[in-house]
Amino acid sequence: MLTPFEWMIAKRYLWPGKGEAFIALVAGISVGVVMLSVAMLVLVMSVMGGFRTEMLDKFAGLNGHAVIQGYGGSLDNWEGTLEQVRATEGVVSASPLIEQALVASYNGRTVPIFVRGNTPEDIAELQDKVLLGDLSGLQPDARKVAIGSRLAANIGARVGDTLTVINPQGRVTPFGTSWRQVGYEIEAIFEIGLYDFDETFVIMPMEDAQTLLLRGDTIGLIEVTVTDPDNVGDILEPVKASLTGRAQIADWKQINSTLFEALEVERVAMAFVLSFMVIVACFNILSSLVMLVRAKTRDIAIMRTMGATRRSLLKIFVTTGTTIGTLGTVAGLILGFTLLYFRNPIVDAVAFVTGVEIWDPSVRFLTSLPVRVDPWEIIGISALGIVLSFLATLYPALKASGTDPVQVLRYE
């Protein structure tokens, strides 16, 4: 704790007097650099965390945290496997699913699509993603589908139009294999928020997908959602033995391993690089305190002769430097959260000024800039700024406390 005398001197040194404008300028620069460093760390770490969380949520929303896929693309006797998975501890839900890459035709234009056959429960869960239409019309044998917003925009389709889905693996005739072409009415247009999904997915009832693909009563895979996505492999370990020779389990880490590993490496690298900005700012604090100590050498000697202890001087200059770092850290947190709040308007403004599309959904998968603020990361960033500021004060504070008043005042 500081005594009233120590706190009074520390406050006085926080605002250098007349003729010490250069010291004040360096101290102001130190606060500014700490502020910008902390703000950039908060912004980058929150955006990178948002990327991971948002993409995991959106992938899990369609494919769960893991899928059980039958060899050859077909899973026989799947009802027993589904019940076993649902009974496994840690599993939140499990649903049968059919997913197949096909081709669709509309107004003479042919595009690649992914046909997805879902249960009524899974289809109903996508209702909040619907932009136009209603998913309630997607009933077995009704020949109605829902398509992604990007797909609808690419082919110019609207609700009520007919989309022709083509299955190259049709029925065998004496004249060869005839492609199977089935027309489906577009009942709804949805937007998941993942560019690739919105551009290619066509959702229909599972029974219609089985009929289209000539699968009979088989399915392609089972999607599984668990309580802890990071430990999905351990949770599904008891199921693996019964799937030997029939199917394999692929979790979200394996399915999207390249993407998520790249995000994690980039996140760590950005944090490491931006941390050096805080170190540079702390060097500024150190240099401003060194100059302050040199400018106040006579004052320090006088305080020593008046009874100020080395400990008091040490506390005064440590407090001065740490306060500068703390002010910069707090200002950086405020600036960082402000930038996060206005992130999308800022991106739009920069794109408008430069004429360059900064946020291209086709490249970055997501249609908007995501953010996830981790309280522990914010605490770590704040601690980094304050602790490094404290360490930067030790050398000049020790120099000040070691001042010999006899040497300084000998010729006064």
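Since we're looking at a predicted model, the values are computed, not measured. (Residues numbered from 1 in each chain as written. Predicted model: local features only at pLDDT ≥ 70, side-chain atom pairs only at ≥ 80, totals over all residues. Heavy atoms only, no water.)

Draft legend 1. Structural view of the pairing of strand β8 (residues 201–205). For β8, the buried fraction is high: five of the five residues fall into the buried class. Pairing of strand β3 (residues 109–118) with β8 involves five bridges; the strand directions are parallel. Considered in β8, the bridge of G117 is made with M204. As defined by bridge partners, strand β5 (residues 144–148) adjoins β8 across two bridges and the pair is classed as antiparallel. (Buried < 20%, exposed > 50% of the residue type's maximum accessible area, 1.4 Å probe, protein only. Helix = DSSP H or I, 4+ residues; strand = E, 2+ residues; numbered from the N terminus. Pairing = 2+ DSSP bridges.)

Draft legend 2. Inspection of the packing of aromatic side chains at higher detail. Tallied over the full model, the rule gives three aromatic pairs. Judged by centre distance (5.9 Å) and plane angle (35°), the rings of F114 and F201 are tilted. Of this pair, F114 sits in strand β3 while F201 sits in strand β8; the two residues are 87 residues apart in sequence, bridging distant segments of the chain. In this structure F114 comes out as partly exposed when scored by relative accessible area, which is 33%. Consider the rings of Y341 and F342, whose centres lie 4.9 Å apart with planes at 85°: the pair is edge-to-face. The class for Y341 is exposed, based on a relative accessible area of 66%. An aromatic cluster of at least three residues, connected via ring pairs, comprises F114, F197 and F201. (Phe/Tyr/Trp six-rings, centres within 6.5 Å; stacked < 30°, edge-to-face > 60°.)

Draft legend 3. A nonpolar patch on the surface, seen in detail. Taken together, the side chains of F272, V273, F276, I279 and F283 make up a nonpolar region of the molecular surface, amounting to roughly 510 Å² of accessible area. Tracing the chain through its elements places F276 in helix α11 (residues 257–295). Residue F276 is classed as partly exposed on the basis of its relative accessible area, which comes to 42%. (Patch = residues over 30% accessible without salt bridge, like charges linked within 9 Å, V, L, I, M, F, W, Y side chains within 5 Å. Areas by Shrake-Rupley, 256 points an atom, 1.4 Å probe, with all protein chains shown as cover. Salt bridge = Lys/Arg side-chain N within 4 Å of Asp/Glu carboxyl O.)

Draft legend 4. Fine view of the pattern of salt bridges. Per the counting criterion, the structure on display carries five salt bridges. Here E99 makes a salt bridge to R116, at a shortest N to O gap of 2.6 Å. With E99 in strand β2 (residues 91–106) and R116 in strand β3, the pair connects residues that are 17 residues apart, well separated along the chain. Relative accessible area serves as the criterion here: at 1%, R116 is assigned to the buried category. Here E223 and R116 are joined by a salt bridge, their closest N and O atoms 3.2 Å apart. Within this pair, whereas E223 is found in strand β9 (residues 221–226), its partner R116 is found in strand β3, the two being separated by 107 residues in sequence.

Draft legend 5. Looking closely at the side chain of D161. Structurally, D161 is set in the loop between α5 (149–155) and β6 (162–173). No salt bridge is formed by the buried D161, whose closest oppositely charged neighbour, R158, lies at an N-O distance of 4.1 Å. A distance of 2.7 Å separates a polar atom in the side chain of D161 from a polar atom in the side chain of Y106. Non-local contacts of D161, meaning those with residues more than four positions away in its chain, are made with Y106, G156, Y184, E185 and I186. (Lys, Arg positive; Asp, Glu negative; His and termini not counted. Polar contact = N/O pair within 3.5 Å; in protein donor to acceptor, adjacent residues only side chain to side chain. Contact = heavy atoms within 4.5 Å.)

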